[in-house]
Amino acid sequence: MITQMINPVWVEVKCRMCGTVYTIAVEENDFYDWQNGKCIQDAMPYLTADERELLISHTCGDCWAEMFSCIGGD
Ligand SMILES: [Zn+2]
């Protein structure tokens, strides 16, 4: 689903694990809603899980996958 953004802002987030900088487009008002305490999945449901994780924990999907691949192996 493609949502037409009214006032998009591009947020640069650097992954704290691998240092890759990601640019995520979010609706400005949604971003403020989130910063004001709204759940990120309610504020920005159009983001992927990886993008939300980046905003929340500054860890990208690739690094999450690697971290989880180390858990419970064998
Ligand atoms: Zn990463």
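Residues numbered from 1 in each chain as written. Predicted model: local features only at pLDDT ≥ 70, side-chain atom pairs only at ≥ 80, totals over all residues.

Engineer: Report on the overall build of the chain, specifying residues and quantitative values.
Structural biologist: A tally of helices and strands in the chain yields four helices and two strands. Element order for the chain, N to C, with α for helix and β for strand: β-β-α-α-α-α. Each principal axis of the C-alpha atoms in the chain carries an extent, and together these give about 45 × 25 × 20 Å. Each of the 74 residues in the chain was classed as buried or not, and the buried ones make up 11%. Excluding contacts between residues fewer than 6 apart, the proportion of contacts in the chain whose partners are at least 24 apart in sequence is 36%. (Helix = DSSP H or I, 4+ residues; strand = E, 2+ residues; numbered from the N terminus. Buried ≥ 20, exposed ≤ 12 C-beta atoms within 10 Å, placed from the backbone. Contact = placed C-beta atoms within 7 Å.)

Engineer: Residue-level account of the pairing of strand S1 (residues 8-14), with values.
Structural biologist: Sheet topology places S1 next to strand S2 (residues 21-27); seven bridges connect them, and they run antiparallel. In the sheet register, tryptophan 10 faces S2, and the bridge partner there is alanine 25. The antiparallel pairing of S1 with S2 creates a hairpin that spans six residues between the two strands, and glycine 19 there sits at a positive phi of about 80°. (Pairing = 2+ DSSP bridges.)

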